[in-house]
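Now for the letters of each chain:
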Amino acid sequence: QVHLGESGGGLVQAGGSLRLSCAVSGSIFSINAMGWYRQAPGKQRELVAAITSGGSTNYADSVKGRFTISRDNAKNTVYLQMNSLKPEDTAVYYCRAWGLEYDYWGQGTQVTVSS
């Protein structure tokens, strides 16, 4: 059984910052890729940022220069530092951990940015 525990969401004013964390626990030895997705009301879920076990990163164009993804492989934890938040960043943010033979998702954490 593998569990992804997310934390750090909340309500913040435009221009503010939040840091999301996602800890993976359970019967998994190592994780290939970890990332964050988001889904706003009425929209499809989209990739925000991803990071491999080697540290290679990928970002959505809309968050480049504002968000930073990082991970602690020893703790099987991924982080998303979100700066200069905009109202359009409002969404439920989901953590994902995946590899060739597995694909796990968290329950999601709400991020709301007020104007």
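Coordinates for the structure precede this section.
Residues numbered from 1 in each chain as written. Predicted model: local features only at pLDDT ≥ 70, side-chain atom pairs only at ≥ 80, totals over all residues. Heavy atoms only, no water.

A. Structural view of the pairing of strand β11 (residues 109–114). The alternating pattern of β11 places T109, V111 and V113 on a buried face and Q110, T112 and S114 on a face that is not buried. Sheet topology note: the strand β9 (residues 91–98)/β11 ladder contains 3 bridges and is antiparallel. Among the inter-strand pairings, A91 is bridged to a residue of β11, identified as V111. (Buried < 20%, exposed > 50% of the residue type's maximum accessible area, 1.4 Å probe, protein only. Helix = DSSP H or I, 4+ residues; strand = E, 2+ residues; numbered from the N terminus. Pairing = 2+ DSSP bridges.)

B. View of the pattern of salt bridges. This model, assessed by the stated rule, comprises 5 salt bridges. Residues E46 and R38 are paired through a salt bridge, measuring 2.8 Å at the closest nitrogen-oxygen approach. The buried category is assigned to R38, whose relative accessible area is 5%. Ionic contacts of the salt-bridge type, sharing partners, join the residues R38, E46, R66 and D89 into one network. (Salt bridge = Lys/Arg side-chain N within 4 Å of Asp/Glu carboxyl O.)

C. Spatial organisation of the packing of aromatic side chains. If you walk through the whole model with that rule in mind, you get 3 aromatic pairs. Clustering of aromatic rings is evident, with ring pairs tying together Y37, W98 and W105. Looking at R45, its charged tip hangs above the ring of W105, at a distance of 4.8 Å from the centre. Between R96 and the ring centre of W98, over which it is positioned, the NZ or CZ distance is 4.2 Å. (Phe/Tyr/Trp six-rings, centres within 6.5 Å; stacked < 30°, edge-to-face > 60°. Lys NZ or Arg CZ within 6 Å of the ring centre and 35° of its normal.)

D. Structural context of the environment of I28. If you trace the backbone, I28 turns up in the loop between β3 (18–26) and β4 (33–39). Sequence-distant contacts of I28, that is, excluding residues within four places in its chain, are made with V2, N76, Y102 and Y104. (Contact = heavy atoms within 4.5 Å.)

E. Highlighting the state of the cysteines. Applying the stated criterion to the full structure yields 1 disulfide. A disulfide bridge connects C22 with C95, and the sulfur atoms are separated by 2.1 Å. Classification of the bridge connecting C22 and C95 rests on its S-S torsion, roughly -85°, and on that basis the disulfide is left-handed. Residue C22 is found in strand β3, and its partner C95 is found in strand β9; the two are separated by 73 residues along the sequence. (Disulfide = S-S within 2.5 Å.)

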